[in-house]
Amino acid sequence: MTIVDGIPRTSLGHLPTPLEELYRLTASLGGPRLLIKRDDQTGLATGGNKTRALEFLVADALVRDSDSLITAGSSQSNHARQTAAAAAKCGLICHLVLQGEPPPGNCTGNLLLDDLLGARVHWAGARRLGQSMQALESELHRVGHRPYVVPYGGSNEVGILGYALGMEELHTQATSQAIRLNRVVVASASGGQQAGLVLGAKALGLEVGILGIAAEKRSAEAIPFMVKLARSGAQKLGLSLAFDESDFLFSEQYLGRGYARPGRAEWEAIRLLASTEGILVDPVYTGRALAGLIDLVRVGVLTPDESICFWHTGGTSGMFAWSDWLGSSELRS
Ligand SMILES: *Cc1c(COP(=O)(O)O)cnc(C)c1O
């Protein structure tokens, strides 16, 4: 029995992902007991958190007899790349509506993988991604296809069920290892992962605090959207659970210069985790969330008596689009 029993699900990921101790990072910070949930190892064409959402979204598409998936994102979207891989695995056509223009040179990082995975890329330029997806959906219907639109970030009442189940997976692992987790720290962007974890924790009656570190949106926009998502997910599960803004611990203080504009804190966090644990995090999401976690330990908000799980949400393949910045001699000095 799980909290999502009865909801259609397609197996896409290598689950459960490992829950590991970060002994050497813990020692180097002299702080709380740190663990890591390895969703960079979900297995779908270099892994990542979106695989969890896609297990439910793709199942919904198959129930509806769709023949293609449409989704949207930035040109280096991890969500788009995992959607392309899920479509390939399930024999669906994948259309990706990406922000911006085709790159002038060869494609790299996630965009290279989108191409290898057989996705059809549509460049949206400066147009809003939502508008472009709708236009593409109508056009595909017109020519006789049966497209299914996966929302931005996979974040709707269907996708977040994957993260609710992920919370149950983490709880089962922690319990079997006799670990009582006080907090989970996770990168928050479209909000689906955090909303799903909060939904899962409430459905299971867990005390754990789930702290989202903003990678993209400010709290005024992010929190009301996550409240709505959690409510709609609970409804989908037939659970009468109440959610309000107080359920969402969220910090926008590490946004720096904004989405996908990392700075020194991310650069240092990436190098610290790599050199103490042999684990890679990316500049846009997980490096920023880890930089936030490290700062919260240093300033004493996260205290040495706690056990904290850093949820590694993936993004590693996006790193190769950042090799100039990662290797920058300016930051090295
Ligand atoms: C999408 C993504 C996130 C954020 O998840 P949301 O559900 O969009 O909040 C975090 N890390 C990585 C690597 C991602 O690709």
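In this report, we go over the structure that sits alongside the text. (Residues numbered from 1 in each chain as written. Predicted model: local features only at pLDDT ≥ 70, side-chain atom pairs only at ≥ 80, totals over all residues. Heavy atoms only, no water.)

### Regarding the layout of surface pockets
- Looking at the largest pocket, its volume works out to about 290 Å³.
- Around the largest pocket, the lining is made up of 18 residues, and of these Ala265, Glu266, Glu268, Ala291 and Asp295 lie nearest the centre.
- Looking at the lining of the largest pocket, the elements with two or more residues in it are helix 9 (264–277) and helix 10 (286–298).
- Here the residues of the lining of the largest pocket are counted per class, giving eight nonpolar, three polar and seven charged.
- Considered as a void within the structure, the second largest pocket measures approximately 220 Å³ in volume.
- Lining of the second largest pocket is provided by 17 residues; of these, Ser74, Gln76, Ala260, Val284 and Trp322 occupy positions nearest its centre. (1 Å grid on protein atoms, 1.4 Å probe; cavity = no way out; pocket = protein on both sides within 12 Å on 5 of 7 lines; lining within 4 Å. Points joined across faces, edges and corners; volume = space filled by probe spheres on them. Helix = DSSP H or I, 4+ residues; strand = E, 2+ residues; numbered from the N terminus. Nonpolar A, V, L, I, M, F, W, Y, C, P; charged D, E, K, R; others polar.)

### Re the site of the ligand
- Neighbouring residues of the ligand: 14 residues in total, closest Lys50, Ala189, Ser190, Gln193 and Thr313.
- Here Asn49 contributes a side-chain N or O atom positioned 3.2 Å from an oxygen atom of the ligand.
- Contact distances for the ligand include 2.6 Å between an oxygen atom and a side-chain N or O atom of Ser190.
- For the ligand, whose unbound accessible area comes to 380 Å², protein coverage reaches 98%.
- A majority-of-atoms criterion places the ligand in the largest cavity.
- Mapped onto the shell around the ligand, the elements with two or more residues apiece are strand 7 (183–188) and helix 7 (192–204).
- In terms of residue class, the shell around the ligand is made up of three nonpolar, 10 polar and one charged. (Near = heavy atom within 4 Å. Polar contact = N/O pair within 3.5 Å; in protein donor to acceptor, adjacent residues only side chain to side chain. Areas by Shrake-Rupley, 256 points an atom, 1.4 Å probe, with all protein chains shown as cover. Sits in = over half its atoms within 2 Å of the grid points.)

### Thoughts on the side chain of His95
- Topologically, His95 is positioned in strand 4 (residues 93–98).
- Of the polar contacts made by the side chain of His95, one reaches the side chain of His122; its length is 2.9 Å.
- In this view, His95 contacts Ser68, Leu69, Ile70, Thr71, Arg120, His122, Leu136 and Leu140; residues no more than four positions away in its chain are not counted. (Contact = heavy atoms within 4.5 Å.)

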